[in-house]
Amino acid sequence: MQPRHFTSLLDLTSAELHALILRAMELKRHRDPDYQPLKGKVLAMIFEKSSTRTRISFEAGMAQFGGTALFLSPRDTQLGRGEPLEDSAKVISSMVDCIMLRTHKHETVTTFAKHSRVPVINGLTDLKHPCQLLADMQTYFEFRGDIAGKTVAWIGDGNNMCHSYINAARQFGFKLNIACPVDYRPLQSIVDPAGDRIAFFNTPEQAAHQADLVVTDVWASMGQEEEQKKREFVFKDFQVNAATMAAAKPDALFMHCLPAHRGEEVTADVIDGPQSVVFPEAENRLHAQKALLEFLICR
């Protein structure tokens, strides 16, 4: 049987994604220490980028399911010495039951998937961050119910998170309003297939008008530190603050994938305020990914 991969939200059907969210919620509500579907299974975790939530959630998830997670970095493996990705994928997948990569180029993940005999999971690339969207969708479902037909406002950089929110709009059936500087818009190749589910606005308040969910991310992601000062200037008018939230619906939620820079992309009164669900959102990385691991490995 050919393995199923999770390099993008588009790798699964809308029905499968909805089922994953419901399963994640069930696993969160009823944790059974005797339920160990991944006993004897091994997850290889390849990290080219540092991580807190991704590493802990995958490692803890495998442990809770009775499996084992191996932390691999390019510094400690032949990946850092130029071994072809195709060769690494073939070798590693012959010894483990699943591979998760948190890396720079999206092509690294897709190349692994093409040459792996086991499921490959995108733990983050510069292009997409689908695992975070599973956690975000789970969080919305828990607090407000199904997100279909709702309006989400994305404020800030048209980055990997924005790309995955665009894909989520297609798969979960919500409308996505985006406010970002023109030169930092998401890739048109990802925007176009979403059609009229996506709309662009000039200010955060316009994008957040009557929104059910407001989301942002740091202005300078990992690898963009040298652009920090420039980005602070470019994005200064694309901050989520009290005015942004006031434009949204009174019961709108606020999300951020973390880590956050209070006073930059979001003000402290918002991220630490009553509409913020950033910490349940972070915890849900664990539950959503347990559901994903179960789905991919136990087929």
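Everything numeric in this text was worked out from a predicted model, so none of it was measured.

Peer 1: Could you clarify how one ought to interpret the overall build of the protein chain in this entry?
Peer 2: Assigned secondary structure in the protein chain consists of twelve helices and nine strands. Whereas a compact globule of 299 residues would reach a radius of gyration of roughly 19 Å, the protein chain reaches 19 Å, a difference of no more than 12%. The dimensions of the protein chain, computed from C-alpha atoms along their principal axes, are 50 × 45 × 35 Å. Looking at the protein chain as a whole, 56% of its 299 residues are labelled buried. Partitioning the contacts of the protein chain with sequence separation of at least 6, the portion at a separation of at least 24 is 73%. When the accessible area of the protein chain is evaluated, it comes to approximately 12700 Å², of which 51% is carbon and sulfur surface.

Peer 1: What should I look at first to understand the pattern of salt bridges in this one?
Peer 2: Pairing of side chains with opposite charge becomes possible as their charged atoms draw close. The tally for this structure, following the rule as stated, stands at 13 salt bridges. For E294, the salt bridge is made with R23, and the minimal N-O distance between the two is 2.8 Å. Remark: R23 occurs in helix α1 (residues 14-29) and E294 occurs in helix α12 (residues 278-297); sequence separation between them is 271 residues. For the salt bridge of D237 with K236, the shortest nitrogen-to-oxygen distance reads 3.5 Å.

Peer 1: Just checking my understanding: could you explain the packing of helix α3 (residues 85-93) against helix α4 (residues 106-115) for this structure?
Peer 2: Any two packed helices are characterised by how steeply their axes cross, that is the angle between the axes, and by the distance between the axes. Between α3 and α4, the shortest axis-to-axis distance is 8 Å and the interhelical angle comes to 55°. With respect to their mutual orientation, α3 and α4 come out oblique. Crossing handedness for the pair α3 and α4: right-handed. Residue-level contacts link L85, E86, S88, A89, K90, I92 and S93 of α3 to T108, T111, F112 and H115 of α4. Of the residues assigned to the contact of α3 with α4, the class counts are four nonpolar, five polar and two charged.

Peer 1: Can you walk me through the sheet that holds strand β4 (residues 120-124) in this structure?
Peer 2: The strands that make up a sheet pair up through hydrogen bonds in the backbone, lying either parallel or antiparallel. Pairing in this open sheet of four strands is parallel, and the strands run β2-β1-β3-β4 from one edge to the other. Each of the sheet's edge strands pairs with one partner strand only, and the pair in question is β2 (68-72) and β4. Taking the axes of each pair of neighbouring strands and ignoring which way they run, one obtains an average angle of 20° across the sheet. Two strands pair when backbone bridges link them, and strand β1 (residues 42-47) and strand β3 (residues 98-102) are joined in this way by five bridges, in the parallel orientation. By the bridge assignment for β3, L43 is matched with C98. Across the sheet, helix α2 (residues 53-64) is in contact with β1, β2, β3 and β4; its angle to β1 comes to roughly 170°. Contacts between α4 and the sheet are confined to β1, β3 and β4, with β4 contributing the most and set at about 170° to the helix.

Peer 1: Mind showing me how you'd approach the sheet that holds strand β9 (residues 253-256) here?
Peer 2: Strand order in this open sheet of five strands is β7-β6-β5-β8-β9, and the pairing throughout is parallel. Strand pairing shows two members of the sheet lacking a second neighbour, β7 (198-201) and β9, which therefore form its edges. Taking each pair of neighbouring strands and ignoring which way they run, the sheet shows an average axis angle of 20°.

Peer 1: What is the right way to read the UniProt feature "binding site: L-ornithine" (unreviewed entry) in the protein chain from this model?
Peer 2: Mapped onto the present numbering, the UniProt feature "binding site: L-ornithine" (unreviewed entry) falls on N160, D217, S221 and M222. Within the secondary structure layout, D217 lies in the loop between β8 (213-216) and α9 (228-234). Every residue in contact with D217, bar those within four places of it in the chain, is listed here: W154, I155, N159, N160, M161, H256, C257 and E265. Within the structure, the side chain of D217 is placed 3.0 Å from the side chain of N159, a separation counted as a polar contact.

Peer 1: Would you mind going over the pairing of β1 with me for this structure?
Peer 2: Along any regular strand, the residues point their side chains to alternate faces of the sheet. Burial analysis of β1 places six of its six residues in the buried class, which makes it a mostly covered element. Residue alternation in β1 divides its side chains into two sets, V42, A44 and I46 and L43, M45 and F47, and both sets are buried. One ladder, built from five bridges, connects β1 with β2; its direction is parallel. Within β2, the position partnered with M45 by the bridge is F71. In terms of handedness, the path from β1 via α2 over to β2 forms a crossover that is right-handed.

Rules behind the numbers
- Residues numbered from 1 in each chain as written.
- Predicted model: local features only at pLDDT ≥ 70, side-chain atom pairs only at ≥ 80, totals over all residues.
- Heavy atoms only, no water.
- Helix = DSSP H or I, 4+ residues; strand = E, 2+ residues; numbered from the N terminus.
- Rg over C-alpha atoms; globule rule 2.2 N^0.38 Å.
- Buried < 20%, exposed > 50% of the residue type's maximum accessible area, 1.4 Å probe, protein only.
- Contact = heavy atoms within 4.5 Å.
- Areas by Shrake-Rupley, 256 points an atom, 1.4 Å probe, with all protein chains shown as cover.
- Salt bridge = Lys/Arg side-chain N within 4 Å of Asp/Glu carboxyl O.
- Axes fitted to C-alpha atoms, helices over the stretch in contact; angles between N-to-C directions.
- Parallel < 35°, antiparallel > 145°, perpendicular 65-115°, else oblique.
- Left-handed = near helix turned anticlockwise from the far one by under 90°.
- Nonpolar A, V, L, I, M, F, W, Y, C, P; charged D, E, K, R; others polar.
- Pairing = 2+ DSSP bridges.
- UniProt positions renumbered as here; feature names shortened; annotations may be inferred.
- Polar contact = N/O pair within 3.5 Å; in protein donor to acceptor, adjacent residues only side chain to side chain.
- Right-handed = clockwise from strand over helix to strand, strands pointing away.

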